[in-house]
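Structure at a glance
Each chain, written out:
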Amino acid sequence: MTRLHRLAVSSALLLQSLAFASSEPCLNGLCHFTRNKLASRTVASELGPQLSKNCNVYGPDDTQFGNCTARYDPFFTPKIQMVVQPATEDDVPKIVEYASANGIPFLAMARRHGMTSTLSEFDGMQIDMSLLDKIEIQPDGKSAILGGGVFAKNIMEKLWDAGYVTSSGSTSCVGLLGPALGGGRGRLEGYYGVVSDSFLKLNVVLANGTAITVSETEHPDLFWAMKGAGHNFGVVTSLEMKIYPRGVDTWYYKTYIWTQDKLEAVFEASNAFHNDGNHAGHHLKEMAFNMGSYTMIPSISETEGVIFWSFVYRGSKEEAQPYLDAFDAIEAVSTEDGNVPYPEIPGVSGTGMSSALCDYGLNHVHYPAGLKVWNVTTQRQIYDLYNEKIREYPEFQRTTVNMEDYSHEGVDAIDPDTSAYPWRDRGLLSFIAVTYDPNPALDEAAIAWAKETRDLWNAGAPDLLPSTYVNYAHGDESAESMYGYEPWRLEKLRGLKAQYDPDNLFSYYNPIIPNMNPRSTHESNFQGRQIGAKSRSRGQ
Ligand SMILES: Cc1cc2nc3c(=O)[nH]c(=O)nc-3n(C[C@H](O)[C@H](O)[C@H](O)COP(=O)(O)OP(=O)(O)OC[C@H]3O[C@@H](n4cnc5c(N)ncnc54)[C@H](O)[C@@H]3O)c2cc1C
C-alpha cells in the first residue's frame, strides 16, 4: 500500500519522472503528448501532495494492485497502468485534471463488473471509487446522499434497516452507478421506474476536472444525458437519490426448477402473466420481478439443461398466490419459497453476494436482446442450441441463458423523452452469458454461440428494432441500438459531448462517439486527442 501522506516529493523521483515521461508535467492542459507510461510512484509524487491523506496510488508492483483491478469478467480487460483511490470527493477533480492535462486516459470504476468489449480499448489510470461509500439518509426521509462507489448490497441493507428502500440493480455485488448511468434495471422499477428515475442531483467531475452539480435545474440537459448515457460524460463523486418507505417487513419469493418438456408451458404462462407485453393491470408492481435461466444442474441431468425460475413479490404468500397459480400448475422438479426481508431477496433468488453469479474471474461472453413477449418457438430453439453447445463444449457447462421480466408500472409512468434511457417499452430483457475458465482456444466458439442466441431472439421479434440495454452490451452493437433509434436522441447526446467532453475522454464504456484510440500508447494517444477533436465536429 502506498500512503500518499508518507510520500515526499524527492528530487530523485522527479528526475526519474522526467526520464519516464520525456517531458515536464503539462498541468495547463495544453500538453501535446501523453505521459501515460508514468510509473505509479511518479504519479504519487506529483499528484499525491494535492490529495487528501487517505488516498492511495497503486502500481502493478503494489500488493493491493491485484485486489483493486481483479475483474468480474476478465474476457474484456481494460489495461490498468495504475490505480488511484480518492478518499474524498474533493480529490476527484484533482485526479481528473492531472490525468487529463497529462494525456493519461482515466476511467472511474466501482465494482469492476463492466463487461463490454469497449473497455479493452482502455490503457491508463483506474480511478477506484470504492472509498467513496457514504450512505446518508436525509433528515426529511425523502432522499439519501450516496457516494460514487456504493454498491447494491450496502445500499439495500443500510436503507432497509432504517425503514427505507431505493432502486438499484438486482444483484448484490454490482455497483450502483455502473447500472444507473445506463438507466439501471432492478426489482423496484414497477414502483419507481429504472434506477436513474430516482436521481435528484449528481455531483459530476467533467473531463477537464471541473466539478459541477447536475439536476433538473442545474445543467438540465446533462442531467437528462446522465440518466441513460451517463458513462459518456463524467465521474460521479456523489448523488442524491429519492428513497421510499420500505412498505412491508418481508417479501415473498418462490423458485421453480422445471425439466425441458415444460418449456412451452412455462413461456405461455409467462406471456399470459405479463399479458403479452401489455403490462397494465396484469403484471402488478408488487409482483416485482421474475427471472429465469437455462442452466445445467448435474444432480438433475448431466446432459440436458433445466429451466430455473424465480419470482419475488413485495408482500405475503397469500397475496402472491393468485399470480403463481398458473406456474404451480406446471409440474416442477422442485420448488422453494419463503418470506425474507428485501435485502435477503438476492440471496434466495440467485443474485446474492455468495451466488455463482457474483463469482469473479470467469469469462462471460454475452449478448443481450430487449423484448416485449416471449416467442415460444424461439425459446425452444435457443434451448436446443444450449444443449447442443454444452454437449459439444463441456467447458461451457456454467453457461446460462437468462430471461428477465420486470414489473413495469413505474417505468411506463415516466415520459420516455425525459431521459436518455430509450427502452421503456421493453419489459423483457434477455441475455446469454457463455461462461468458462479463461481459455483463448474457446473464445471464438463462445462468441459465435452467444451471437447466434442473440440473433435468434431478435429474429423471433421481427416487429421490434433490435435493442441493446447498454449495460448488457457486448460492445459491438450500434449506438442506435443502445441509445435509441429516434435521430434526436443521438444528435442531442453528441451535442452534449461537444459541450461537456469535447476531447471524448469518456469513451471507453459503449461510447456515443467511438474511441479511435485502441490501447493508447505514448505515440498514439496524441493522435487520439486529435481524433477526439474531429469526432466533436462530426457530432455537431
Ligand atoms: C453479475 C452481474 C449482475 C448484473 N445485474 C444487473 C442488474 O441487476 N441491473 C442492471 O441494470 N445491470 C446489471 N448488470 C450490468 C451492470 O449494470 C454493468 O455491468 C455495470 O457496468 C456494472 O457496474 P460496476 O460498478 O459493478 O462495474 P465497473 O466496471 O466498476 O463500472 C462500470 C462502468 O461504470 C462507470 N462508472 C462506475 N462508477 C462510476 C462513477 N462513480 N462515475 C462515473 N462512471 C462510473 C464507468 O464507465 C465504468 O467503466 C449486472 C452485471 C453483472 C456482471
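Residues numbered from 1 in each chain as written. Predicted model: local features only at pLDDT ≥ 70, side-chain atom pairs only at ≥ 80, totals over all residues. Heavy atoms only, no water.

In the region of the ligand, 34 residues are neighbours, and Ala110, Ser170, Arg185, Tyr469 and Tyr509 sit closest. Contact distances for the ligand include 2.9 Å between an oxygen atom and a backbone N or O atom of His113. A distance of 2.8 Å is found between a nitrogen atom of the ligand and a backbone nitrogen or oxygen belonging to Arg185. Expressed as a share of its isolated accessible area of 950 Å², the protein-covered part of the ligand is 97%. Elements with a minimum of two residues in the shell around the ligand: strand 3 (106-109), helix 6 (177-180) and strand 10 (235-242). (Near = heavy atom within 4 Å. Polar contact = N/O pair within 3.5 Å; in protein donor to acceptor, adjacent residues only side chain to side chain. Areas by Shrake-Rupley, 256 points an atom, 1.4 Å probe, with all protein chains shown as cover. Helix = DSSP H or I, 4+ residues; strand = E, 2+ residues; numbered from the N terminus.)

Evaluated as defined, the whole model comprises 30 aromatic pairs. When the centroid spacing of 6.1 Å and the interplanar angle of 40 degrees are considered together, the rings of Trp160 and Tyr342 count as tilted. Placement of the pair is Trp160 in helix 5 (residues 152-161) and Tyr342 in the loop between strand 15 (334-340) and helix 11 (345-348), with a sequence separation of 182 residues. Summarising the aromatic geometry, the rings of Phe273 and Phe327 are spaced 5.9 Å apart at their centres and angled 80 degrees between planes, so their arrangement reads as edge-to-face. A residue pair is termed long-range when its members are at least 10 positions apart, and Phe273 in helix 9 (residues 263-273) and Phe327 in helix 10 (residues 317-328) qualify at 54 residues. Neither residue differs from the other here; Phe273 and Phe327 are each classed as buried. Through pairs of rings, three or more aromatic residues link up here, namely Phe267, Tyr294, Trp309, Trp374, Tyr383, Tyr386, Tyr393, Phe396, Tyr436 and Trp449. Positioned above the aromatic ring of Phe151, the side-chain terminus of Arg111 is 3.8 Å from the ring centre. For Lys492, the ring lying beneath its charged end belongs to Trp224, and the centroid distance is 4.2 Å. (Phe/Tyr/Trp six-rings, centres within 6.5 Å; stacked < 30°, edge-to-face > 60°. Buried < 20%, exposed > 50% of the residue type's maximum accessible area, 1.4 Å probe, protein only. Lys NZ or Arg CZ within 6 Å of the ring centre and 35° of its normal.)

For the protein, mean pLDDT is 89; residues scoring 70 or higher make up 88% of the total. Taken together, the stretch residues 1-32 has pLDDT below 50 and engages in 65 contacts with residues farther than four places along the chain or on a different chain. Considering only residues more than four positions removed or in separate chains, one finds that residues 518-540, a stretch of pLDDT under 50, has 49 contacts. (pLDDT = per-residue confidence, 0-100. Contact = heavy atoms within 4.5 Å.)

Right, let's talk about the sheet that holds strand 4 (residues 123-128) for a bit. In space, the four strands of this open sheet follow the order 1-2-4-3, with mixed pairing throughout. Of all the strands in the sheet, just strand 1 (56-58) and strand 3 have a single pairing partner and so form its edges. Looking at each pair of strands side by side, their axes are set apart by 25 degrees on average, direction ignored. Relative to strand 4, strand 3 runs parallel, the two sharing four bridges. Directly across from Met109, in strand 4, lies its bridge partner Asp128. Contacts from helix 4 (residues 91-101) reach strand 2 (79-85), strand 3 and strand 4, with the element oriented near 175 degrees to strand 4. (Pairing = 2+ DSSP bridges. Axes fitted to C-alpha atoms, helices over the stretch in contact; angles between N-to-C directions.)

The next thing to look at is the state of the cysteines. Overall, the coordinates contain one disulfide when judged by the stated rule. For Cys173, the disulfide goes to Cys358, at an S-S distance of 2.1 Å. Handedness here is read from the sign of the S-S torsion; for Cys173 and Cys358, about -80 degrees, the answer is left-handed. Separated by 185 residues along the polypeptide, Cys173 in the loop between strand 7 (164-165) and helix 6 and Cys358 in the loop between helix 11 and strand 16 (363-371) bring together distant segments of the chain. Looking at Cys358, the relative accessible area reads 6%, which means it is buried. (Disulfide = S-S within 2.5 Å.)

Of note, Glu264 is situated in helix 9. What makes Glu264 partly exposed here is its relative accessible area of 26%. Between the C-alpha atoms of Glu264 and Asn375, which are 111 residues apart in sequence, the distance is 9.7 Å. Within the structure, the side chain of Glu264 is placed 2.9 Å from the side chain of Arg380, a separation counted as a polar contact.

So, on to the pattern of salt bridges. Applying the stated rule across the entire model yields 20 salt bridges. Lys227 is the salt-bridge partner of Glu216, the closest N and O atoms lying 3.9 Å from each other. A residue pair is termed long-range when its members are at least 10 positions apart, and Glu216 in the loop between strand 9 (211-215) and helix 8 (220-229) and Lys227 in helix 8 qualify at eleven residues. Owing to a relative accessible area of 56%, Glu216 belongs among the exposed residues under this scheme. By relative accessible area, which is 7% here, Lys227 ends up buried. Here Lys497 makes a salt bridge to Asp501, at a shortest N to O gap of 2.7 Å. Residue classification places Lys497 among the buried positions, given a relative accessible area of 1%. (Salt bridge = Lys/Arg side-chain N within 4 Å of Asp/Glu carboxyl O.)

What follows is about the nonpolar core. Counting residues in hydrophobic clusters, the biggest one holds 47 residues, and the most contacted among them are Tyr294, Phe396 and Val434. Apart from the residues lying within four places of it in its own chain, the contact partners of Val434 are Asn363, His364, Val365, Phe396, Thr399, Ala446, Trp449 and Ala450. (Core = buried A, V, L, I, M, F, W, Y, C linked by side-chain atoms within 4.5 Å.)

If you check helix 14 (residues 440-459), its first and last C-alpha atoms are 29 Å apart, about what 20 residues at 1.5 Å a residue would give, namely 28 Å. Residues of helix 14 that are buried: Leu442, Asp443, Ala445, Ala446, Trp449, Ala450, Thr453, Arg454, Trp457 and Asn458. The secondary structure elements touched by the buried residues of helix 14 are strand 16, helix 12 (376-392), strand 17 (400-406) and strand 18 (428-436). (Expected span 1.5 Å × (residues − 1).)

A few words now on unusual backbone geometry. Its identity is not glycine, yet His219 carries a phi of approximately 50 degrees, on the positive side. Note that His219 resides in the loop between strand 9 and helix 8. The phi torsion at Asn504 lies on the positive side, around 55 degrees, for a residue other than glycine. Positionally, Asn504 belongs in the loop between helix 16 (487-500) and helix 17 (522-539). For Asn504, a relative accessible area of 9% corresponds to the buried category.

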